[in-house]
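Given next are the chains, with one letter for each unit.
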Protein chains: 6
Amino acid sequence: MATDQTQMQRPRYMGVPTFFRAPAAATAAGVDIAVIGIPFDGGVTNRSGARHGPRELRNQSSLMRTIHPVTRRNPFDDCRVADLGDVDFSRPHDILSCCDEIERAIGAVEQQGARPLVAGGDHTISYPILKALARSQPLGLIHIDAHTDTWDSFAGNKLMHGTPFRRAVEAGAIDPKRTIQIGIRGAQISTEGWDYSRDSGMRVMFMDEVVETGIANTIAEARRVAGAGPVYLSFDIDSLDPVYAPGTGTPEAGGFTAREAIQLLRGLDGLAFAGADVVEVSPPHDVNGLTALHGATVMYEALCLLAADFKA
Amino acid sequence: MATDQTQMQRPRYMGVPTFFRAPAAATAAGVDIAVIGIPFDGGVTNRSGARHGPRELRNQSSLMRTIHPVTRRNPFDDCRVADLGDVDFSRPHDILSCCDEIERAIGAVEQQGARPLVAGGDHTISYPILKALARSQPLGLIHIDAHTDTWDSFAGNKLMHGTPFRRAVEAGAIDPKRTIQIGIRGAQISTEGWDYSRDSGMRVMFMDEVVETGIANTIAEARRVAGAGPVYLSFDIDSLDPVYAPGTGTPEAGGFTAREAIQLLRGLDGLAFAGADVVEVSPPHDVNGLTALHGATVMYEALCLLAADFKA
Amino acid sequence: MATDQTQMQRPRYMGVPTFFRAPAAATAAGVDIAVIGIPFDGGVTNRSGARHGPRELRNQSSLMRTIHPVTRRNPFDDCRVADLGDVDFSRPHDILSCCDEIERAIGAVEQQGARPLVAGGDHTISYPILKALARSQPLGLIHIDAHTDTWDSFAGNKLMHGTPFRRAVEAGAIDPKRTIQIGIRGAQISTEGWDYSRDSGMRVMFMDEVVETGIANTIAEARRVAGAGPVYLSFDIDSLDPVYAPGTGTPEAGGFTAREAIQLLRGLDGLAFAGADVVEVSPPHDVNGLTALHGATVMYEALCLLAADFKA
Amino acid sequence: MATDQTQMQRPRYMGVPTFFRAPAAATAAGVDIAVIGIPFDGGVTNRSGARHGPRELRNQSSLMRTIHPVTRRNPFDDCRVADLGDVDFSRPHDILSCCDEIERAIGAVEQQGARPLVAGGDHTISYPILKALARSQPLGLIHIDAHTDTWDSFAGNKLMHGTPFRRAVEAGAIDPKRTIQIGIRGAQISTEGWDYSRDSGMRVMFMDEVVETGIANTIAEARRVAGAGPVYLSFDIDSLDPVYAPGTGTPEAGGFTAREAIQLLRGLDGLAFAGADVVEVSPPHDVNGLTALHGATVMYEALCLLAADFKA
Amino acid sequence: MATDQTQMQRPRYMGVPTFFRAPAAATAAGVDIAVIGIPFDGGVTNRSGARHGPRELRNQSSLMRTIHPVTRRNPFDDCRVADLGDVDFSRPHDILSCCDEIERAIGAVEQQGARPLVAGGDHTISYPILKALARSQPLGLIHIDAHTDTWDSFAGNKLMHGTPFRRAVEAGAIDPKRTIQIGIRGAQISTEGWDYSRDSGMRVMFMDEVVETGIANTIAEARRVAGAGPVYLSFDIDSLDPVYAPGTGTPEAGGFTAREAIQLLRGLDGLAFAGADVVEVSPPHDVNGLTALHGATVMYEALCLLAADFKA
Amino acid sequence: MATDQTQMQRPRYMGVPTFFRAPAAATAAGVDIAVIGIPFDGGVTNRSGARHGPRELRNQSSLMRTIHPVTRRNPFDDCRVADLGDVDFSRPHDILSCCDEIERAIGAVEQQGARPLVAGGDHTISYPILKALARSQPLGLIHIDAHTDTWDSFAGNKLMHGTPFRRAVEAGAIDPKRTIQIGIRGAQISTEGWDYSRDSGMRVMFMDEVVETGIANTIAEARRVAGAGPVYLSFDIDSLDPVYAPGTGTPEAGGFTAREAIQLLRGLDGLAFAGADVVEVSPPHDVNGLTALHGATVMYEALCLLAADFKA
């Protein structure tokens, strides 16, 4: 039960760039962890470009290697990892149609027994992913982001990148009591999102609290909230400080350093992750690939989390 | 009948950047030429970012000055020029709603007796602009572009940036016999657009013909086709070669140099322009403001064309 | 007593970019906080470009929103904020003449009862601003910077960006006993500036001390030094680490992170701020707008400090 | 006999980027035109980076479409095109070993009956490619470049990017009488390369002559020299002017515009091309992908030349 | 009588970058052509940064080689070329003082019998250079630029980058009848400069005329105007089209291509050049070194012009 | 015993850029600290470009000043510092030959009694430097890096940038018991390097340990391991976080901030440094000079360490 790592041994600039230079696969059959791109950014309100995220995350993921420096585990040895390509859209300008197609595509992966690791795309996509994964029960959620993304709507639009987790609560796809939002910061034009998250029972750790309490305590709190049940990881790249992630639609000063984010993710080892996404990487706004490099690094750590219970 | 040019005399980096550093105005009342931004890019099929076009065109237009080096006319002396701000959208994710609001906004300008000079935005916007301006009769069209933008639809979408001129013909907003498309080039995945343009009676000058015949003959042909009636100028920045306009959604190698484009535009002096647009400037894909600089230069030349019959 | 926030609700890329997308105003009449640009960089000794600072700070300030995430106050509700445009210069190449015009412009704002929030420009401008604001008594000063800016002169020049606070002491515009300089670091070719600051009675916190003592203690020390009287905030963007502020004239490795700077500024809440500036943002040396984004973020925090005692 | 064009119809930012988004293939069996990357830049003397050329040429080739605007032919209909991935190197630091592996890889393609279209890599690679293709007879050569690449050696090195065509003459892989070098320009530290080309019987058209005589006459001369036999096309991206190809190792001011290069290539239609390469695209030195965009455009035109005699 | 070319044979990235990697020299004694930097940009009205011009021109000049591709002459064989470093300023903020120091420095070079080849700096510097070189008689002038630089003053300032040639006429340093200005274009806020050039007797070739008449006729006209006497070459990099020279203070669309500029300069071979400058290269506004590359290329061609009558 | 600091007092953009604007010297005679460039990057496995490192480090080192802000010492007063130029290569494509020439060049410096401060170049160069410096006894080593660089070989290559310290142990040039490697992090495709470092007796502080224990304890550990004997400092710029050093070949997320690195280096004051290098600065991959700025800052701190025992 291992990935063919031949092409991952070559110099990093060689070959067609799949995610992690893992083998390409048409379906999730025989795959343990399915890495998938969702090049959709029709739900943003300011700067777009996340449609180009999967392409650049694939490109920068060539810099990732295999054996984890802390756990010394190799997720590509422990399970079968494949690049399933991008979700296809028949009507790319139609948000509802795109969300349906995302839900179907992720549902197919889930039914074939693979765990999805998704490269967005804007944050809208987390809602149909969660619907696809939560068919039997609501999931816990560890949501790392500068924003709560729990608005009700924007300009008459219920499905967009500021609303996925409110929609997911309404659809029973996540359990707000097992949901933690980490890294929230920045001014808002209304307190609506902050209020909904609190009132629905989510645990919201603003960046101020994270800084004061430290990463170790943040990890403990995340583990406490998520508990033992199945949990989903959603990582908005704008949770990182803008110097680590300039290529995103709504940068907020004062975010996580890469080091803190990596430490935080490593602390989640052993939770029962059903899937994960990394969203809002917008290459047209990036600087020399730094945002995509950090996005790919987060994807590698997420891959290790998803692979943790596969080891022999 | 002149623009207040006080702020246009200051060093170019000073002050809030309106278009050409002209006065701002809330409506077109008392205005001869209304410069308007339309920050919409919901109709693109590849790289977006033209929503940021008006902002950067305003920024770079600070480099424009007043007295034309060939005609020695000063359009700001000859008529009243104002920046009317951007068209507002109540539902920015809804293409149809946006097109309606564009049509209403431009219609209001036209009814107040001003000529619109529009900074896009993607090419979708030319269709509602043309509908607003052509209420009494179809307009002639001088369309400078790498693409004919006369597809029927894209992925089930009738209103997008590849279809505006087909829609405009169908709506009677332009007269295909008085329409010329200049600079068409690049491969296509279907001949549909090329075919429609030809079959509907438009004159299509592919880039090859332009290069062979020269700019002077191209001007003559454009004047012949457009004739004496009211005519609209639509300038897609991707008509320029990608080194002059890297910041656009669908660059095509081998386009116009800025010098050729300026020469071409100057050759259209004296035609009865009812309005003009410069579209597809996408700042996130730009290099050091070059695309916006060239867009602003084209806007200045278009302004002079619109102002030509105002001189005392 | 509130700002019209209509245009601040629109998508951030729309409209003519005033500071914070606040209303423009010709004078400070009826204004509580006057945001003003001073596009002057004639006082630098190395890399220039801060003349373009106000333009880009306006541009990036569109990303700022209204309600503060910690205080939950909205400064635009609490008081009337307006963009007063840029200070005009009749002789932009003449440092003395420019300083006179700055002093007059800020003096007019002060006499109309508004507090100035200034976007520079190089640090030379703080001297005429302080002279304008300190007519009745010397001000306290919280000065966040990599350099003390207390040299005597540079190449025979008494007014330049390395001397404003020495000049301000000499003019009685600031009280050195109520002055604190925070974040000083980097090698020098002479100890003159360090020596003057110490000898005149200023409290100088080198970066080493800040790192060792922590931000909370730095805040306490700043509050102790500034005391209860009127105080001015001068924030040189090169106090930030070069990865947060590459676009500046004299970057020094090892500065504040944005998170630390925000924490520091928030800790000053409740002091009696008479005005504030953010200087040395040099867009030609910037990377993808990061420096201006951080400058605009600092301006937002400074705005909240200036607005603190306006709340009903 | 056609390529599966399904994925070429999708929005251009979607999916794993193979060359032209054509199908990937492990070998040339059943393939008419094999597009291959050779990520080698060990032969340069100044700026390296061409090892990253295949990756970025694949990326930008997503912008290429199918039906040629002049011939209206679709090379993907006319023949089977596939991406064969990159040539693998067992000892990437060893020039001789790499050249051997290139020769073997291209030889295998040729023996399976496919024509290679190669994306470099630095110009060193043309020598082993030519050796692989010229086993039965020397080839004619159309070589478009700023430099003759006919030095004897550099710092004791016989195989590097300034020597491939001298080596190819010596090996009998090209016929100097059927060789034309077009676009040569720029100063040199020795006349050795210019002299060898002339003395060996090659036709050298310096850029000055090309400008004076025009592209049409240049085409005629190239066709005359190449004649009816099998011919190879080698296109060094530095033949383009540095504004079209900033991303290359040894830029020389005053080169071809993209429009001229396209016109020149189209004029070679109908010659018996046995293979082609596009070399010296160095992405680390590129500006916003322009060099790779032009490289991909040249590759598309070269593909059409290779496909010309496949049409039914 | 030749330059030591040892270090010019090394790979171009090696060593401390003097101009052309020529030997450094403290004075012009024993030097035929003295290459000098003048890092002054205190005379600009918009974007500054030309103070960094000499540094980057030195850097990019490493790409220049020795033997001219048309004349086959090697100027470094024909005469002694040295880098004399930069002109020093005792009061860099004082325009008059700087102009005096420039005049003295260039005067010293001239008195030692060397010809200066100057890398600016903004165009202000041409005035003191011309005063230094024209002590015995007024010089002819070939001035290649987008602007005439013959304003009377700017904001009360007589010495700035828009006035040098008016000052030079007034000082008797140039003969307006032997002066030609080539490439003038772009709108102006007053016709004053155009008028002065014409009225003083200069020959002004607007870009329109250059395009219409062609480069060969432009050369002929320049040779006719300049005549047989001593002549100075002043090349403003903004004469080039902005895609060739984005890094400059006042870019104007529609300028010379590098190829045209090179052709034009080569056509001036044999005139009696007393000195030359290349000005207005502003690296902070450059794109990947392109402007400096073209500036260095122009400097190489100018060097060849200055060296022409040194050959044995 | 002091450096001539005349040119170091001028504005930073002036003059030919030697390291720190120190005097140039042909040999180390009479020099205490010899600053030397080694423009070699033939040993990398992924992104190259470090051959351009010395050039850009010289350029950015102009921003460095003289008097240290903590120690108040001026190393240029305390000893004679000179720029010795770059090591020359007779066969730049031949790794062994280059390593020999490096060893000879550094050996000559050492024999003249100067301490070398080297600007790379890729990490391969540390091996021949260490061999040159360790002729009488093995050196201690403080190695700050993301990678241990103790592989055995890469693709059959024993001398490349992943092996220098294994080679140095084998050659007796360093004492593994007196070697500490600090900042190691990132995944690997094999544990070989980690294992060799541990098994040979080196002290390896992974980044995780550094973060947990803090910089002060890291300093203590480094001092303990290095002891009182002669020690070499090797600083790989990729030890810094990629936002501080994007311009390097193998960036690893989660590294040192510049502030931490400076603190760490300052903590080594008083050790018996025999030499130092800063390697892997790759300007083609840099962002606006940030990597080179940080590299130059590290070089200044290293210079102060080398100069520490020279003070009177």
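Cut-off values and rules
Residues numbered from 1 in each chain as written. Chains lettered and ligands numbered in written order. Predicted model: local features only at pLDDT ≥ 70, side-chain atom pairs only at ≥ 80, totals over all residues. Heavy atoms only, no water. Helix = DSSP H or I, 4+ residues; strand = E, 2+ residues; numbered from the N terminus. Rg over C-alpha atoms; globule rule 2.2 N^0.38 Å. Buried < 20%, exposed > 50% of the residue type's maximum accessible area, 1.4 Å probe, protein only. Axes fitted to C-alpha atoms, helices over the stretch in contact; angles between N-to-C directions. Left-handed = near helix turned anticlockwise from the far one by under 90°. Contact = heavy atoms within 4.5 Å. Nonpolar A, V, L, I, M, F, W, Y, C, P; charged D, E, K, R; others polar. Buried area = accessible area lost by both parts, 1.4 Å probe. Salt bridge = Lys/Arg side-chain N within 4 Å of Asp/Glu carboxyl O. Least-squares fit on C-alpha atoms with pLDDT ≥ 70 in both. Pairing = 2+ DSSP bridges. Expected span 1.5 Å × (residues − 1). Right-handed = clockwise from strand over helix to strand, strands pointing away.

Enquirer: How should I be thinking about the overall build of chain A in this particular structure?
Expert: Across its full length, chain A holds 10 helices and eight strands. A compact globule built from 312 residues should have a C-alpha radius of gyration of about 20 Å, and chain A, at 18 Å, falls within 12% of that. Taken along the three principal axes of its C-alpha coordinates, chain A extends 50 × 45 × 40 Å. Counting across all 312 residues of chain A, residues that qualify as buried make up 72%.

Enquirer: I would appreciate a short explanation of the packing of helix α8 (residues 215-226) of chain E against helix α9 (residues 258-266) of chain E in the present structure.
Expert: Between two packed helices, what matters for the description is the angle formed by their axes and the separation of those axes. Residue and element names in this part refer to chain E. Packing of α8 against α9 brings their axes to within 9 Å, and their N-to-C directions diverge by 35 degrees. For the pair α8 and α9, the crossing hand works out as right-handed. In this structure, α8 uses I215, T218 and I219 to contact α9, whose residues at the interface are E260, Q263 and L264. For the contact of α8 with α9, the residue count by class is three nonpolar, two polar and one charged.

Enquirer: Sorry, what's going on with the interface of chain D and chain B here?
Expert: Where the parts come together, the accessible area they lose is often given as the size of the interface. Counting residues at the interface gives 26 residues for chain D and 32 residues for chain B. When the area that chain D buries against chain B is broken down by residue, the three leading residues are R65(D), I67(D) and R259(D), summing to 31%. The tally of links from chain D across to chain B stands at three salt bridges. R259(D) is paired through a salt bridge with E260(B); the nearest N and O atoms lie 2.7 Å apart. Counting residues per element, the ones that place at least two in the side of chain D that touches chain B are α9 (258-266) and α10 (290-307) of chain D. Looking at which element gives the most residues to the side of chain D that touches chain B, the answer is α10(D), with five residues. The residue inventory of the side of chain D that touches chain B, partitioned by class, reads 15 nonpolar, six polar and five charged.

Enquirer: Teacher, can you tell me more about the relation of the copies chain D and chain B here?
Expert: Taken as rigid bodies, chain D and chain B are interconverted by a rotation of 120 degrees and an axial shift of 0.0 Å, the fit giving an RMSD of 0.0 Å. In symmetry terms, the pair is related by a three-fold rotation axis. No C-alpha of chain D approaches the rotation axis more nearly than that of V243(D), which lies at 3.8 Å.

Enquirer: Looking at this structure, how should I read the sheet that holds strand β5 (residues 174-184) of chain D?
Expert: Residue and element names in this part refer to chain D. Within the open sheet, the eight strands sit side by side as β2-β1-β3-β8-β7-β4-β5-β6. Their pairing is parallel. In this open sheet, the two strands that pair with only one neighbour each are β2 (81-86) and β6 (203-206). Strand-to-strand, the axes of this sheet are offset by a mean angle of 15 degrees, without reference to chain direction. Alignment of strand β7 (residues 230-236) against strand β8 (residues 272-279), held across seven bridges, turns out to be parallel. Along β8, the bridge assignment pairs S234 with D277.

Enquirer: Would you mind showing me how to read the relation of the copies chain D and chain A here?
Expert: Superposing the two chain copies requires a rotation about an axis and a translation along that axis. After a rotation of 180 degrees and a shift along the axis of 0.0 Å, chain D superposes on chain A with an RMSD of 0.0 Å. The superposition of one copy onto the other is thereby described by a two-fold rotation axis. Most of the interface of chain D is mirrored in chain A: 100% of its interface residues are interface residues there too.

Enquirer: Would you take a moment to explain the sheet that holds strand β4 (residues 139-144) of chain F for this structure?
Expert: Hydrogen bonds along the backbone pair up the strands of a sheet, which may run parallel or antiparallel. Residue and element names in this part refer to chain F. One open sheet accounts for eight strands, arranged β2-β1-β3-β8-β7-β4-β5-β6; its pairing is parallel. Of all the strands in the sheet, the pair left with one neighbour each is β2 (81-86) and β6 (203-206). The average undirected angle you get between the axes of adjacent strands in this sheet is 15 degrees. Pairing analysis gives five bridges linking β4 to strand β7 (residues 230-236), with the strands arranged parallel. The residue bridging I144 from the neighbouring strand is F235, located in β7. The strands that helix α1 (residues 53-61) touches are β1 (33-38), β2 and β3 (115-120); relative to β3, the one it contacts most, it runs at about 110 degrees.

Enquirer: Sorry if this is basic, but what is going on with the interface of chain D and chain A here?
Expert: Listed as interface residues are 23 residues of chain D and, on the opposing side, 23 residues of chain A. Connecting chain D to chain A are two salt bridges. The partner of R10(D) in a salt bridge is D88(A), and the shortest N-O contact between them spans 2.8 Å. Of all the secondary-structure elements, those providing two or more residues to the side of chain D that touches chain A are α1 (53-61) and β2 of chain D. With four residues, the single largest contributor to the side of chain D that touches chain A is α1(D). Grouping the constituent residues of the side of chain D that touches chain A by class yields nine nonpolar, five polar and nine charged.

Enquirer: In this structure, what is going on with the arrangement of the chains? I would like to understand it.
Expert: Taking C-alpha atoms as the reference, chain A and chain E come no closer than 13 Å and do not contact one another. Contact between chain B and chain F is absent, and the least distance between their C-alpha atoms amounts to 13 Å.

Enquirer: Whenever I open this one, helix α3 (residues 95-111) of chain D confuses me. Can you help?
Expert: For an α-helix, 3.6 residues make a turn, and residues three or four places apart therefore share a direction. Residues and elements named next belong to chain D. In this model, α3 (17 residues) spans 24 Å end to end at C-alpha, consistent with the 24 Å of a helix rising 1.5 Å per residue. For α3, the full list of buried residues reads I95, S97, C98, C99, E101, I102, I106, G107 and V109. Buried residues in α3 make contact with β1 (33-38), β2, β3 (115-120) and α4 (126-133). Among the residues trailing α3, G113 stands out with phi positive, at a value near 90 degrees.

Enquirer: What exactly am I supposed to notice about unusual backbone geometry here?
Expert: Omega for the peptide link from G120(A) to G121(A) comes to 10 degrees, which places this bond in the cis form. A positive phi angle, near 60 degrees, is found at R72(B), a position not held by glycine. At N288(B), a residue that is not glycine, the phi angle is positive and equals roughly 55 degrees. Counting through the fold element by element, N288(B) comes out in the loop between β8 (272-279) and α10 (290-307).

Enquirer: Honestly, the side chain of D241(A) in this entry has me stumped. Any pointers?
Expert: Within the secondary structure layout, D241(A) lies in the loop between β7 (230-236) and α9 (258-266). D241(A) has contacts with R185(A), A253(A), G254(A), G255(A), F256(A), Y244(C), A258(C) and H294(C), leaving out every residue within four places of it along the chain.

Enquirer: What am I meant to see in the pairing of β8(B) here?
Expert: Regular strands place side chains that alternate from one sheet face to the opposite one. Residue and element names in this part refer to chain B. By the criterion of burial, β8 is predominantly enclosed, with six of the eight residues buried. Pairing analysis gives three bridges linking strand β3 (residues 115-120) to β8, with the strands arranged parallel. Its bridge partner lying in β8, V118 is registered against D277. Since strand β7 (residues 230-236) and β8 lie parallel, the crossover through helix α9 (residues 258-266) that links them has a hand, and here it is right-handed.

Enquirer: Help me out: how do you make sense of the environment of G186(C) in this one?
Expert: Assignment of secondary structure puts G186(C) in the loop between β5 (174-184) and α6 (192-200). Overall, G186(C) belongs to the buried group, its relative accessible area being 11%. In sequence terms G186(C) and S97(C) are 89 residues apart; their C-alpha atoms lie 32 Å from each other. Setting aside chain neighbours within four positions, we find G186(C) in contact with W194(C), E252(C) and P69(F).

Enquirer: It is not clear to me how the pattern of salt bridges should be interpreted in this structure. Could you clarify?
Expert: Once their charged atoms are close, side chains differing in charge can pair, the charge on each being opposite to the other. Throughout the structure, instances matching the rule amount to 144 salt bridges over all chains. As a salt-bridge pair, R198(B) and D195(B) come within 3.6 Å of each other at their nearest N and O atoms. One end of the pair is R198(B) and the other is D195(B), both in helix α6 (residues 192-200) and three residues apart, which spans about a single turn. Overall, D195(B) belongs to the partly exposed group, its relative accessible area being 21%. The network of salt bridges with common partners includes D152(A), K158(A), R166(A), R167(A), E170(A) and E192(A).

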